[in-house]
Amino acid sequence: MIKELAITEHPVSACVPPNHRVTLRCRAKGSGPLQYQWFQSEDEEVPGATQPDLVITAKKTQVYVCRVNDKHSNCVFSEWVKVKVWQILRADIPLTWQGQPQIVVHPRSVTIKHNEELKLLSIAFGIPPPRYQWYLNGNLLQDQTKETLLIKKADKDHQGTYLCSVSNVLEETWTEPAEVNIEPPNKTTTGRCYATDKVALLIGNLNYSNHPNLIAPMMDVHELANLLQTLNFRVVSLLNTTKEEMTAAIQEYVKLLDKGVYALFYYAGHGYENSGRNYLVPIDAPQPYRRENCISVQRTMQQMQEKHTALNVVLLDTCRKWYNKDCAPSEVKSLVPFGNTVYGYATSEDAEAYEVQDGSRSSGIFTKYLNKHILLEEKVTHVLEQVSEDLGRDPLIIGKQVMEIKHTLNEPRALTDRVCTTGHTVELRERNLNWSRANELPERRVLKFPCGTEVELSFSALFSNMITVFATVKKTGWKTMDCSVSLQSTPVMEDVFSSSDDSTGGMGSLLLSGPDDTDCSLRLSGLQKLKRNLILKVNLHYTSMDSRQRMVESKQEDIGKPLVAKCELLHKSAKPLERREGKVMAATFQAPPQRATTPLGQPCRPSTRKAENTREHNEPEENDESELLNLAFRSLGQKSTCT
């Protein structure tokens, strides 16, 4: 009598830290000896995986399935399982760990304003993956069953103590409590000042063609953008921009400015100073670079001033080492004394700015303290003074980095000031149109395949020039099973997250911030370089229930020019700005002798924190090859990542 082939034990999903050893088990019953074959991702065979147990060292999030054959050529598939890897988290997993929930991120106490978004996060490892249930003041919160608790508009009813129960079949554990305070509505801000609008341009340069790469600007720009949005700023955030792209982006940004507007410009990356003028180094600057290869900070401030804004704030997390001392600085007219300018420099003249590393998380040490204080309802110069005081007390950079503040502010203006558009609605409508071009995501859509399967495409943005596409199987055709999805783009776009090492400065966890049930994701960077519409190719892989064969169907979807691509920065001519720079110096500049880098040595804090002199002063010097290897990102090609 022939036994029916059937799976008796399916593999179990897991959520683990990087490099953790995971065993996936599959058991079946049937006639004669059974043959096992494991597959991963898009039905790719796992080499040599022909045993009932698959032992892997988890490097990245991946999906697996096992096929079992009997001697009569019958086959059956196990359930698909996901091994989810949190790339940036450090956790001391006991050697005797059996898979019970291990909480590695506890929710943090926060104070937010009435009707603002409340977001709390809890992350745990577990085999099988943990389930989450959130509670407020001991009461179960319906539908709050994910790692992230999200309340779009929080009010006084959402104030209190939050806890999250984390459990799987092995054990239940609880997070530490998080206190949430909700400020009452209509709380007045400092003084009687107000803005007609608030606009911010944030640029972070980290992947340089001819200079040491940086790590911190990615996380710094992302976190500062989120904080500014809570203060009702319209934010455009860009990563890895060339000279042409920076120039065009600043020109587009200036179009958003007008009378009464609060303008904020932030830059993190390489830079230098010459005769009191500051210059920002684009990612395509040559080695050595000259003034015409860089962006003048003072010229940018002049363009902001010409719009008669109410407040102009420039924050520079970059070095200010003197370079090209014999070169005449760019010709910039003296700024009109409007009494509304504020400069916040990460460091003083002829000094360096440092990155600080805390475990796998990196940030500019200036921006670290800036983000700590930026939400304070105080005059902006007072906020920067508190940043300076904190930075001055940090033992990692005492005697090496001192913040500098310059301003002409003659009114108690604060970044927290309210926005009042009365009498400025026409200008506001125009700004809405210009701003939305750089921040508009494609609409969610559902693709229907001939086999009857439906795949939903959704989109999110971490930066204005970076988009993540999520593909989710929403409906399976009646004669299909074991569906999976892969994504490709035309043209092929760079993915700065594709590095296999953790050079994202702590951004890795954000890669998993899409829908919980997503089947595939694709991250596309450098959208400002896009010259034509972006085409997505969606490949559906499935097993036909009739033929038992693996099939592939594909559809192409035109999503237009998303986010900043719609601004067509590369089509903007920079010639008018270049003409204003005056006569170009014909002399060439020799690279100064290589400086003796002063390391910070052993940190004065626990060994999990380390300050490294990686945000260098960027003199066009010959760099030591080993230094470049340690600092450089490994830029891989675009790839589709199952999450």
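Just above, that's the structure.
Residues numbered from 1 in each chain as written. Predicted model: local features only at pLDDT ≥ 70, side-chain atom pairs only at ≥ 80, totals over all residues. Heavy atoms only, no water.

1. A look at the packing of helix α4 (residues 365–373) against helix α5 (residues 380–393)
Turning to step 1, where the next piece is worked out: Viewed as axis vectors pointing N to C, α4 and α5 meet at an angle of 130°, and their least axial separation amounts to 9 Å. Overall, the two elements α4 and α5 adopt an arrangement that is oblique. In this structure, α4 crosses over α5, and the sense of that crossing is right-handed. Side by side, α4 and α5 meet where Ile365, Phe366, Tyr369, Leu370, Lys372 and His373 of the first sit next to Val383, Leu384, Gln386, Val387, Asp390 and Leu391 of the second.
Turning to step 2, where the next piece is worked out: Taken together, the residues of the contact of α4 with α5 break down into eight nonpolar, two polar and two charged. (Axes fitted to C-alpha atoms, helices over the stretch in contact; angles between N-to-C directions. Helix = DSSP H or I, 4+ residues; strand = E, 2+ residues; numbered from the N terminus. Parallel < 35°, antiparallel > 145°, perpendicular 65-115°, else oblique. Left-handed = near helix turned anticlockwise from the far one by under 90°. Contact = heavy atoms within 4.5 Å. Nonpolar A, V, L, I, M, F, W, Y, C, P; charged D, E, K, R; others polar.)

2. Overview of the packing of helix α1 (residues 216–230) against α4
Turning to step 1, where the next piece is worked out: One can describe the packing of α1 onto α4 by two numbers: an axis separation of 10 Å at closest approach and a directional angle of 15°. Comparing their axes, α4 and α1 come out roughly parallel. As α1 packs across α4, the resulting crossing turns out to be left-handed. Residues Asp220, Glu223, Leu224 and Leu227 of α1 form the contact with α4, whose participating residues are Thr367, Leu370 and Asn371.
Turning to step 2, where the next piece is worked out: The class makeup of the residues in the contact of α1 with α4 is three nonpolar, two polar and two charged.

3. Some details on the side chain of Gln144
Turning to step 1, where the next piece is worked out: Here Gln144 is to be found in the loop between β16 (139–140) and β17 (148–151).
Turning to step 2, where the next piece is worked out: At 3.2 Å, the side chain of Gln144 forms a polar contact with the backbone oxygen of Leu150.
Turning to step 3, where the next piece is worked out: Not counting residues up to four positions away in its chain, the partners in contact with Gln144 are Tyr132, Gln133, Trp134, Leu149, Leu150 and Ile151. (Polar contact = N/O pair within 3.5 Å; in protein donor to acceptor, adjacent residues only side chain to side chain.)

4. Quick word on the sheet that holds strand β25 (residues 277–280)
Turning to step 1, where the next piece is worked out: With antiparallel pairing, three strands are arranged side by side in an open sheet as β24-β25-β26. Only two strands of the sheet have a single neighbouring strand rather than two, namely β24 (271–274) and β26 (295–296).
Turning to step 2, where the next piece is worked out: Note: β24 against β25, four bridges, orientation antiparallel. Each bridged residue has a counterpart across the sheet, and for Gly271 the counterpart in β25 is Leu280. (Pairing = 2+ DSSP bridges.)

5. Structural notes on the packing of aromatic side chains
Turning to step 1, where the next piece is worked out: Under the counting rule described, the total for this entry stands at four aromatic pairs.
Turning to step 2, where the next piece is worked out: Centre to centre, the rings of Tyr343 and Tyr345 are 5.7 Å apart; their planes meet at 5°, and the pair counts as stacked. There is no split in this pair, since Tyr343 and Tyr345 are both buried.
Turning to step 3, where the next piece is worked out: An aromatic cluster of three or more residues is present, and its members are Tyr272, Tyr279 and Tyr289.
Turning to step 4, where the next piece is worked out: Here the basic side chain of Arg320 rests over the ring of Tyr345, its NZ or CZ set 3.9 Å away from the ring centre. (Phe/Tyr/Trp six-rings, centres within 6.5 Å; stacked < 30°, edge-to-face > 60°. Buried < 20%, exposed > 50% of the residue type's maximum accessible area, 1.4 Å probe, protein only. Lys NZ or Arg CZ within 6 Å of the ring centre and 35° of its normal.)

6. Describing the environment of Ile215
Turning to step 1, where the next piece is worked out: Within the element layout of this structure, Ile215 appears in the loop between β21 (197–204) and α1.
Turning to step 2, where the next piece is worked out: Distance in space between the C-alpha atoms of Ile215 and Gly204 is 9.9 Å, their sequence separation being eleven residues.

7. Let's talk about the sheet that holds strand β38 (residues 550–558)
Turning to step 1, where the next piece is worked out: Reading across from one edge, β35-β37-β38 is the order of the three strands in this open sheet, with antiparallel pairing throughout. Looking at the sheet topology across the chains shown, the edges are occupied by β35 (480–490) and β38. Ignoring strand direction, the axes of neighbouring strands in this sheet form an average angle of 20°.
Turning to step 2, where the next piece is worked out: The pairing of β35 with strand β37 (residues 535–544) spans nine bridges and is antiparallel. What sits directly across from Ser486, in β37, is Asn539.

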